[in-house]
Amino acid sequence: EVAPRECVVEAGEVIFVPRGWWHLVVNLEESVALTQNFVSSANLKHVLKYIKDAELVSGCPLEQRASLHERFVQAMKEQRPKVLEAQEEKKGGQLADLFASGGKGAFKFNFG
């Protein structure tokens, strides 16, 4: 087991939470928080696997979660086809393996 980390982020500071790290935020005063979920060619495999399981996804309406994976893949085909093709090559040409349900990650992705 790992002991939890605790910190106070002051005005103008930023904190990075790595993929797979569960976290909790408590605002000590009125605050505005901006969050971003980053998808790159390095973590695309993990994102595709994660968003396949609609129960893990948050940040979009419940009725949109079941189609999130399909919509994300379609957007990748339209906007970044070479990135998706490169991912397929990494998997020995079996892109379908990336989309199979399976392991559960621990990050959240917002699409909508």
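Predicted, not measured: the structure shown is a model, and the values here were computed from it. (Residues numbered from 1 in each chain as written. Predicted model: local features only at pLDDT ≥ 70, side-chain atom pairs only at ≥ 80, totals over all residues. Heavy atoms only, no water.)

Of regular secondary structure, the protein chain possesses five helices and zero strands. Ordered by position from N to C terminus, the α and β elements of the protein chain give α-α-α-α-α. Taking all 112 residues of the protein chain together, the buried fraction comes to 21%. For the protein chain, restricting intrachain contacts to residue pairs at least 6 apart in sequence, the fraction spanning at least 24 positions comes to 67%. Carbon and sulfur atoms form 53% of the exposed surface of the protein chain, whose accessible area is close to 9,100 Å². (Helix = DSSP H or I, 4+ residues; strand = E, 2+ residues; numbered from the N terminus. Buried < 20%, exposed > 50% of the residue type's maximum accessible area, 1.4 Å probe, protein only. Contact = heavy atoms within 4.5 Å. Areas by Shrake-Rupley, 256 points an atom, 1.4 Å probe, with all protein chains shown as cover.)

Attention now moves to the packing of helix 1 (residues 44–51) against helix 4 (residues 81–90). The interhelical angle for the contact between helix 1 and helix 4, taken along N-to-C directions, is 90°, at an axis separation of 10 Å. One finds that helix 1 runs roughly perpendicular with respect to helix 4. Here Leu44, Lys45 and Leu48 of helix 1 lie close against helix 4, whose contacting residues are Val83, Leu84 and Gln87. Across the contact of helix 1 with helix 4, the residue classes break down as four nonpolar, one polar and one charged. (Axes fitted to C-alpha atoms, helices over the stretch in contact; angles between N-to-C directions. Parallel < 35°, antiparallel > 145°, perpendicular 65-115°, else oblique. Nonpolar A, V, L, I, M, F, W, Y, C, P; charged D, E, K, R; others polar.)

Once that is clear, we can look at a nonpolar patch on the surface. A surface patch of nonpolar side chains, about 490 Å² in accessible area, is lined by Val8, Leu24, Val26 and Leu28. One can find Leu24 in the segment before helix 1. The exposed category is assigned to Leu24, whose relative accessible area is 75%. (Patch = residues over 30% accessible without salt bridge, like charges linked within 9 Å, V, L, I, M, F, W, Y side chains within 5 Å. Salt bridge = Lys/Arg side-chain N within 4 Å of Asp/Glu carboxyl O.)

Turning our attention to the packing of helix 1 against helix 3 (residues 68–79). To describe two helices that pack against each other, one gives the angle between their axes and the distance between the axes. As a packed pair, helix 1 and helix 3 sit with axes 8 Å apart at the nearest point and diverge in direction by 145°. Of the residues in helix 3, those in contact with Leu44, Val47, Leu48 and Ile51 of helix 1 are Leu68, His69, Phe72, Val73 and Met76. Class assignment of the residues belonging to the contact of helix 1 with helix 3 gives a composition of eight nonpolar, one polar and no charged.

Here we take up a positive patch on the surface. Together, Arg19, Lys45, Lys49 and Lys90 make up a positively charged patch on the protein surface. Here Lys90 shows up in helix 4. (Lys, Arg positive; Asp, Glu negative; His and termini not counted. Charge placed at Lys NZ, Arg CZ, Asp CG, Glu CD.)

All right, on to the nonpolar core then. Leu44, Leu48, Ile51, Val57, Phe72 and Leu84 are the most contacted members of the largest nonpolar core, which has 13 residues in total. Residue assignment for this core shows that the elements contributing at least two residues are helix 1 and helix 3. Among the elements that make up this core, the one with the highest residue count is helix 1 (five residues). Discounting residues that sit within four places of it in the chain, Leu44 has contacts with Val39, Phe72, Met76, Val83, Leu84 and Gln87. (Core = buried A, V, L, I, M, F, W, Y, C linked by side-chain atoms within 4.5 Å.)

Once that is clear, we can look at the side chain of Arg65. For Arg65, the position within the fold is in helix 2 (residues 62–65). Here Arg65 occupies a buried position and makes no salt bridge, while the nearest side chain of opposite charge, Glu63, is found at 7.8 Å. Contacts of Arg65, omitting those with residues within four sequence positions, involve Ala54, Val57, Ser58, Gly59 and Cys60.

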